[in-house]
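Tertiary structure, described
So you can see what is in the structure, the chains are spelled out below.
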Amino acid sequence: MQISDILKPEAVRVFGAASSKKRLFQEIADVAQLAYGLSSQTTVEALLDRESLGPTGVGHGVALPHARLDGLDKVVGAFVKLDTPLEFGAVDRQPIDIAFALFAPEDAGVEHLKALALVSRTLREQSFCTKLRANPDPATLYTILTENQSVQAA
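Our subject in this report is the structure included herewith. (Residues numbered from 1 in each chain as written. Predicted model: local features only at pLDDT ≥ 70, side-chain atom pairs only at ≥ 80, totals over all residues. Heavy atoms only, no water.)

1. A look at the side chain of S40
- Residue position: S40 is located in helix α3 (residues 40-51).
- Looking at S40, its side chain comes within polar contact range of the side chain of D30, at 2.8 Å. (Helix = DSSP H or I, 4+ residues; strand = E, 2+ residues; numbered from the N terminus. Polar contact = N/O pair within 3.5 Å; in protein donor to acceptor, adjacent residues only side chain to side chain.)

Here it is, written out as structure tokens:
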């Protein structure tokens, strides 16, 4: 599995700021609706439900919100970069400015875990996140995200 298998170019966005975690989830849901046809309201509710189990802010300015949704036949993702970091309740108590959301079918099982591990491994690399933070263009961000995976897979 590669990031290009789960992320469409149109599912990569840059926003100036989000006023709250719920607002960020709404932005992510809107991106997922446009890119994958997911219900924005259902997506926000699923992300909030998952977040209530524990924060998905993994540290170093990165969040990996994720949820299972009806109507999907494979794992898909949405990448959002914020110009202004958001207090997110991350494990290291630092605000986040990178969010890579994953959405999986209700019965995804191991594929959901593989996608989560792939994204987590990729965004754990600080130099990689620095490169993402330095680029404001969604098309460039998509290229960075998908090229990095090709290099790692080689």
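2. Let's talk about the packing of aromatic side chains
- Counted under the stated rule, the structure contains two aromatic pairs.
- Ring geometry for F25 versus F88: centroids 6.1 Å apart, planes at 80°, classification edge-to-face. Placement of F25 in helix α2 (residues 21-36) and of F88 in the loop between β5 (76-86) and β6 (96-105) is noted, with a sequence separation of 63 residues between them.
- A residue is classified by how much of its surface remains accessible, and F88, at 2% relative accessible area, is buried.
- Here F79 and F100 contribute two aromatic rings whose centre-to-centre distance is 6.0 Å and whose plane-to-plane angle is 75°, an arrangement assigned as edge-to-face. Within this pair, whereas F79 is found in strand β5, its partner F100 is found in strand β6, the two being separated by 21 residues in sequence. The pair F79 / F100 is uniform in exposure class, with both members buried. (Phe/Tyr/Trp six-rings, centres within 6.5 Å; stacked < 30°, edge-to-face > 60°. Buried < 20%, exposed > 50% of the residue type's maximum accessible area, 1.4 Å probe, protein only.)

3. Let's talk about the pattern of salt bridges
- By the definition in use, this model includes five salt bridges.
- Ionic pairing is found between R133 and D97, a salt bridge with its closest N-O pair at 2.8 Å. With R133 in helix α5 (residues 126-133) and D97 in strand β6, the pair connects residues that are 36 residues apart, well separated along the chain.
- We classify R133 as partly exposed; its relative accessible area is 28%.
- For D97, a relative accessible area of 12% translates into the label buried.
- The partner of E111 in a salt bridge is K114, with the nearest N and O atoms 3.8 Å apart. With a gap of three residues between them, E111 and K114 both fall in helix α4 (residues 110-124), about one helical turn apart.
- The partly exposed category is assigned to E111, whose relative accessible area is 35%.
- Judged by its relative accessible area of 45%, K114 falls in the partly exposed class. (Salt bridge = Lys/Arg side-chain N within 4 Å of Asp/Glu carboxyl O.)

4. A look at the packing of α2 against α3
- Running from N to C, α2 and α3 cross one another at 135°; their axes reach a closest spacing of 8 Å. For the element pair α2 / α3, the angle class is oblique. Classified by chirality, the crossing of α3 by α2 is right-handed. Facing α2, whose interface residues are K21, K22, F25, Q26, I28, A29, D30 and Q33, α3 presents S40, T43, V44, L47, L48 and E51. (Axes fitted to C-alpha atoms, helices over the stretch in contact; angles between N-to-C directions. Parallel < 35°, antiparallel > 145°, perpendicular 65-115°, else oblique. Left-handed = near helix turned anticlockwise from the far one by under 90°. Contact = heavy atoms within 4.5 Å.)

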